[in-house]
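Spelled out from the first residue to the last, the chains are:
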Amino acid sequence: MLKGWLDRWRGRGKTISRLKPVIIPRDHHAVSRRDISSVAVKTLYRLHDGGYQAFLIGGGVRDVLLGMQPKDFDIATSATPEQVKQLFGNQCQIIGRRFRLAHVRWGREVIEVATFRAHHSEGDAQSAKTNAEGLILRDNVWGNIEEDAARRDFTINAIYYNIADFSLWDFAHGMKDLNARVLRLIGDPTTRYREDPVRMLRAIRFAGKLGFTIEDKTAQAISELAYLLEDVSSHRLYDECQKLFSAGYSLPVLDLLHEFGLFDALFPEADLFPNDTLWQLTAESTDERVAEGKGINPAFFYAAMLWGVVQDRQQALQNNGIPPVPAWQQASQQVLAIQHARTAIPRHISQAIRDIWEMQPKLEQPRPRQVEATVQSERFRAAYDFLVLRELAGEETSGMGAWWTRWQDADPGLRAEMARALDDKPAAAKKKRRRKPSSNA
Ligand code: ATP
Ligand code: MG
């Protein structure tokens, strides 16, 4: 069926503007209301009872079909954001400009409710806008479900669950691709990536998360069009980066970003000084933490990705006669400014990255009397974890990662002894530093 549609639309600028569904009745599929968060079910029913069409869509359906726990539940409806607002009152907030949608809040849980959209070419200047390259700048042309399905990214993300009769509406042979474990873009990949280059990153994210193969054409276009990510706003890239590295699959995602030539688009300088082992260890430990339900700090990931760059910059500044501490400060600032231009890192995260870096020399050469205070400092945990990973990655750290591990496990007597034993090294270093200016004079 899709092939027929494709053929019909081929003569029309490679745009598919609507798709017809294959409807799979309740007793022929495995999605049950039990698999869906109860507040998502309530939201679906309230829309349905209000006289609107209401479907669960995207990851909420896809992940259930794969026997996985969905990260969130998204709803697509015939109601406009204002009509959703009318139904849910204060529980509902309308958000977004480029892509307007309603957030329905149930305690801590938020359900995203998006109105069916038509292809942006159907709209007026108020509701739709693209630039000369085909990039969608505004995407708020309301439509029907058949039009909505054609705008979805991958076939496996265009399976809708109908609350009216619990059937699945499969618009692009998503079930077939789901079973074959294939990620396939709906429509012509080049056009779809030009409309929204973030879809390239989404391809990598889903391939990494689900372990799916990326279909040939969907894959080929990525390496060719990677440069389009330069036009995407740095705020959107930061958000997407978060999703890539915080879902528990950052190890495969990191490999795929390199394989498809997208890594540089996110980290423009990192590959100048690659730290493959450190990056891999960081990704592994991040994924382990996510699997254990522990929180993760984005600062840690950035600190690792840019570690080689900041060290090089620091060394260069020091070679130019700038003392070590200001050299660290300037290097951190410069490296983060360049990274910020690409993925707008929020200020508190940049501060945390800077702290992790600037604490490394302090942890490698601690002053005996400051050991206690260092451990108490807010950023110790992250900086220490980072030092341990560097040590594991084979960096020369004089074994200080292991030293701090031992120190934390030691009783007060042993701690005092360990601190005393540190005495010689920093003293020698201090002496050397003090002598330098007088020998120059
Ligand atoms: P997850 O929530 O697990 O990250 P998801 O598939 O639900 O995966 P969302 O970002 O929550 O992804 O988006 C919900 C749905 O909206 C997607 O499944 C897809 O159908 C559609 N969608 C999201 N972003 C895009 C996009 N950039 N282009 C086209 N369709 C998109
Ligand atoms: Mg989702």
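In this convention, every chain numbers its residues from 1, walking through the sequence in written order. Going through the entries in the order they are written, you letter the chains from A and number the ligands from 1. In keeping with the model being predicted, local features are shown solely for residues with a pLDDT of at least 70 and side-chain atom pairs are shown and tallied solely at 80 or more, while totals for entire chains, interfaces and linings include all residues. Side-chain measures here rest on the full set of heavy atoms in the structure, leaving out hydrogens and waters.

## Some details on the packing of helix 14 (residues 298-305) against helix 19 (residues 380-392)
- Axes, fitted as lines to C-alpha atoms, cover a helix only where it is in contact. Angles between the N-to-C directions of the axes lie from 0 to 180 degrees. Put simply, DSSP H or I for four residues or longer makes a helix, DSSP E for two residues or longer makes a strand, and each gets a number counted from the N terminus. Contact geometry for helix 14 and helix 19: axes closest at 11 Å, N-to-C directions at 40 degrees. Accordingly, the angle class assigned to the pair helix 14 and helix 19 is oblique. When the axes of helix 14 and helix 19 are compared, the crossing they make is right-handed. Packed against helix 14, whose contacting residues are Phe300, Ala303 and Ala304, the element helix 19 presents Ala382, Asp385, Phe386 and Leu389 at the interface.
- Polar here means any residue other than Ala, Val, Leu, Ile, Met, Phe, Trp, Tyr, Cys and Pro, which are nonpolar, and Asp, Glu, Lys and Arg, which are charged; Gly is therefore polar. A class-by-class count of the residues in the contact of helix 14 with helix 19 yields six nonpolar, no polar and one charged. Relative orientations are named as follows: roughly parallel for angles under 35 degrees, roughly antiparallel for angles over 145 degrees, roughly perpendicular for angles from 65 to 115 degrees, and oblique for any other angle. The sense of a crossing depends on the near helix, which, turned anticlockwise from the far helix by less than a right angle, makes the crossing left-handed and, turned clockwise, makes it right-handed. By definition in these notes, contact holds between two residues if any of their heavy atoms fall within 4.5 Å.

## Some points on the coordination of the magnesium ion (ligand 2)
- The rule for donors is simple: an N, O or S atom within 2.8 Å of the metal counts, and for Na, K and Ca the reach is 3.2 Å. Water is not among the atoms, so a site may look short of donors. Surrounding the magnesium ion (ligand 2) are the protein donor atoms Asp72 (OD) and Asp74 (OD), at 2.1 to 2.3 Å.
- Any residue under 20% of the maximum accessible area for its type is buried, any over 50% is exposed, and the rest in between are partly exposed; the area is computed with a 1.4 Å probe on protein chains only. Taking the relative accessible area as the measure of exposure, Asp72 reaches 29% and is therefore partly exposed.

## Examining the domain arrangement of the protein chain
- One can read the domain layout of the protein chain as domain 1 (15-186) and domain 2 (264-430).
- Between the C-alpha centres of domain 1 and domain 2 there is a distance of 43 Å. An automatic or database domain assignment supplies the start and end points of every domain.

## Let's talk about the sheet that holds strand 1 (residues 22-24)
- Two strands are said to pair when DSSP picks up at least two bridges between them. Strand order in the open sheet formed by eight strands is 1-10-9-2-3-6-5-4, and the pairing between neighbours is mixed. Lying at the two open borders of the sheet, with one neighbouring strand each, are strand 1 and strand 4 (92-95). Taken pair by pair, the neighbouring strands of this sheet meet at an average axis angle of 30 degrees, ignoring direction.
- Alignment of strand 9 (residues 159-162) against strand 10 (residues 168-170), held across three bridges, turns out to be antiparallel. Its bridge partner being in strand 10, Tyr161 is matched across the sheet by Leu168.
- Its contacts with the sheet put helix 2 (residues 38-49) on strand 2 (54-57), strand 3 (74-77), strand 5 (101-106) and strand 6 (109-115), and the angle it makes with strand 6 is roughly 35 degrees.
- Packed on one face of the sheet, helix 4 (residues 81-88) meets strand 3, strand 4, strand 5 and strand 6 and runs near 165 degrees to strand 4.

## As for the pattern of salt bridges
- Put simply, a salt bridge is a Lys or Arg side-chain nitrogen that is within 4 Å of an Asp or Glu carboxyl oxygen. As enumerated under the stated definition, the model contains 22 salt bridges in all.
- Measuring nitrogen to oxygen at the nearest pair gives 2.9 Å for the salt bridge that ties Asp63 to Lys209. Highlighted residues: Asp63 in helix 3 (residues 59-65) and Lys209 in helix 8 (residues 198-210), separated in sequence by 146 residues.
- Here Lys209 falls in the buried class, since its relative accessible area comes to 16%.
- For Arg151, the salt bridge identified is with Asp148, shortest N-O distance 3.7 Å.

## Notes on helix 14
- With eight of eight residues buried, helix 14 is to be regarded as a mostly interior element.
- Here helix 14 has its buried residues at Pro298, Ala299, Phe300, Phe301, Tyr302, Ala303, Ala304 and Met305.
- Here a polar contact is recorded for every N or O atom pair within 3.5 Å, except that within protein the pair must consist of a potential hydrogen donor and a potential acceptor, and residues adjacent in sequence are included only if both atoms are side-chain atoms. A distance of 2.9 Å separates the backbone nitrogen of Ala299 from a side-chain oxygen at the start of helix 14, and that oxygen is part of Asn297.

## Details of the nonpolar core
- Throughout, nonpolar core names a set of buried Ala, Val, Leu, Ile, Met, Phe, Trp, Tyr and Cys residues whose side chains join them through atoms within 4.5 Å. Among the nonpolar cores identified, the biggest contains 100 residues, and Leu262 and Trp357 are the most heavily contacted of them.
- No other element matches the eight residues that helix 8 contributes to this core.
- Each of domain 1 (15-186) and domain 2 (264-430) accounts for three or more of the residues forming this core.
- Not counting residues within four places of it along the chain, the set of residues in contact with Trp357 comprises Tyr302, Ala303, Leu306, Trp307, Val310, Trp328, Ser332, Val335, Leu336 and Phe386.

## Let's talk about the environment of Trp279
- For Trp279, the position within the fold is in helix 13 (residues 276-291).
- Taking the relative accessible area as the measure of exposure, Trp279 reaches 1% and is therefore buried.
- Considering only alpha carbons, one finds Trp279 and Ala150, 129 residues apart in sequence, at a separation of 38 Å.
- Not counting the four nearest positions on each side in its chain, Trp279 is found in contact with Leu254, His258, Phe263, Ala270, Asp271, Phe273, Pro274, Ala304 and Met305.

## Thoughts on the site of ligand 1
- Throughout this document, a residue counts as near a molecule or strand when at least one of its heavy atoms sits within 4 Å of that molecule or strand. Around ligand 1 sit 17 residues, and of these Gly59, Arg62, Asp196, Arg199 and Arg205 come closest.
- Residue Asp153 places a main-chain N or O atom 3.2 Å away from a nitrogen atom belonging to ligand 1.
- The contact in question runs from an oxygen atom of ligand 1 to an N or O atom on the side chain of Lys209, over 3.4 Å.
- For every accessible area listed, the method is Shrake-Rupley and the probe measures 1.4 Å; residues are considered covered only by the protein chains on display. For ligand 1, whose unbound accessible area comes to 580 Å², protein coverage reaches 87%.
- Those elements that provide at least two residues to the shell around ligand 1 are helix 3 and helix 8.
- Here the element with the most residues in the shell around ligand 1 is helix 8; it accounts for five residues.

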